[in-house]
Amino acid sequence: MFLGLWIINKAGGLIFQRDFGESLARLSTNDYLVLAGTFHSVHAIASRISPVPGSSGIETLETDTFTLTCHQTPTGIKFLVVTSPGHANIAGLVRQVYDLYADYVMKNPFYTPEMPVRCEQFDANLLKLVKAVN
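Our subject in this report is the structure included herewith. (Residues numbered from 1 in each chain as written. Predicted model: local features only at pLDDT ≥ 70, side-chain atom pairs only at ≥ 80, totals over all residues. Heavy atoms only, no water.)

A few points about unusual backbone geometry
Next up, step 1: The backbone of Asn89 sits at a positive phi, close to 55°, despite the residue not being glycine.
Next up, step 2: Structurally, Asn89 can be placed in the loop between strand S5 (78–83) and helix H2 (90–106). (Helix = DSSP H or I, 4+ residues; strand = E, 2+ residues; numbered from the N terminus.)

Here it is, written out as structure tokens:
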């Protein structure tokens, strides 16, 4: 089950956040901003201290109640997808979300990169994806 999506810019700022599952705890906007900044920092530290040369940082965080998958683009944007444990084909799901972002956000002439995402077409198509996956 697709539970949530966060998009973090290359500076660590939360530019998009949506919850799709009722099982996730509801947090304040400030809490989401703090969590995004914290994940960005931990991701950067993990990539530096990794024993594997060229490591990109944290890719997956698995718990008993959810799985957090991070996909970092070449431009530094991080897509954090929250799914239920054991969700099949998370890589495909992340790719679909990234494709929606590229098609409806980055091709929008009124969108300024690195700023909060406010695009109705992205929201609508993301909800269609969530309904199809869940």
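Things to note about the nonpolar core
Next up, step 1: Counting 23 residues, the largest nonpolar core has Phe2, Leu5, Ile7, Tyr101, Val117, Phe122 and Leu126 as the members making the most contacts within it.
Next up, step 2: Put simply, the parts of the chain that give this core at least two residues each are strand S1 (2–8), strand S2 (14–19), S5, H2 and helix H3 (120–133).
Next up, step 3: Among the elements that take part in this core, H2 stands out by supplying 7 residues, more than any other.
Next up, step 4: The residues touching Val117, leaving out its near neighbours within four places in the chain, are Ile15, Phe16, Tyr101, Val105, Tyr111 and Phe122.
Next up, step 5: Formed by 12 residues, the second largest nonpolar core is a distinct cluster that contains Leu24, Cys70, Leu80 and Val82. (Core = buried A, V, L, I, M, F, W, Y, C linked by side-chain atoms within 4.5 Å. Buried < 20%, exposed > 50% of the residue type's maximum accessible area, 1.4 Å probe, protein only. Contact = heavy atoms within 4.5 Å.)

A few points about the sheet that holds S1
For sheets, the rule is that strands pair by backbone hydrogen bonds, running either parallel or antiparallel.
Next up, step 1: One open sheet accounts for 5 strands, arranged S2-S1-S5-S4-S3; its pairing is antiparallel. Edge positions in the sheet fall to S2 and strand S3 (60–62), since each has one partner strand and no second. Sheet twist, expressed as the mean angle between neighbouring strand axes with direction ignored, is 10°.
Next up, step 2: Of the pairings in the sheet, the one linking S1 to S2 comprises 5 bridges and is antiparallel in character. Counterpart to Ile8 in the pairing with S2 is Leu14.
Next up, step 3: Sheet strands in contact with helix H1 (residues 29–49) are S1, S2, strand S4 (67–72) and S5, and its direction is about 70° off that of S1.
Next up, step 4: Set on the sheet, H3 makes contact with S1 and S2; between it and S1 the angle comes to about 145°. (Pairing = 2+ DSSP bridges. Axes fitted to C-alpha atoms, helices over the stretch in contact; angles between N-to-C directions.)

Section: the packing of H2 against H3
Next up, step 1: In the contact formed by H2 and H3, the axes pass within 9 Å of each other and the chain directions differ by 160°. Relative to H3, the element H2 is oriented roughly antiparallel. At the point where H2 passes H3, the crossing takes the right-handed sense. Residue-level contacts link Leu93, Gln96, Val97, Leu100, Tyr101, Tyr104 and Val105 of H2 to Gln121, Phe122, Asn125, Leu126, Leu129 and Val133 of H3. (Parallel < 35°, antiparallel > 145°, perpendicular 65-115°, else oblique. Left-handed = near helix turned anticlockwise from the far one by under 90°.)

Considerations on the environment of Thr63
Next up, step 1: Residue position: Thr63 is located in the loop between S3 and S4.
Next up, step 2: A polar atom in the side chain of Thr63 sits 3.2 Å from the backbone nitrogen of Thr65.
Next up, step 3: Within the structure, Thr63 has its side chain in polar contact with the backbone oxygen of Phe66 (distance 2.9 Å). (Polar contact = N/O pair within 3.5 Å; in protein donor to acceptor, adjacent residues only side chain to side chain.)

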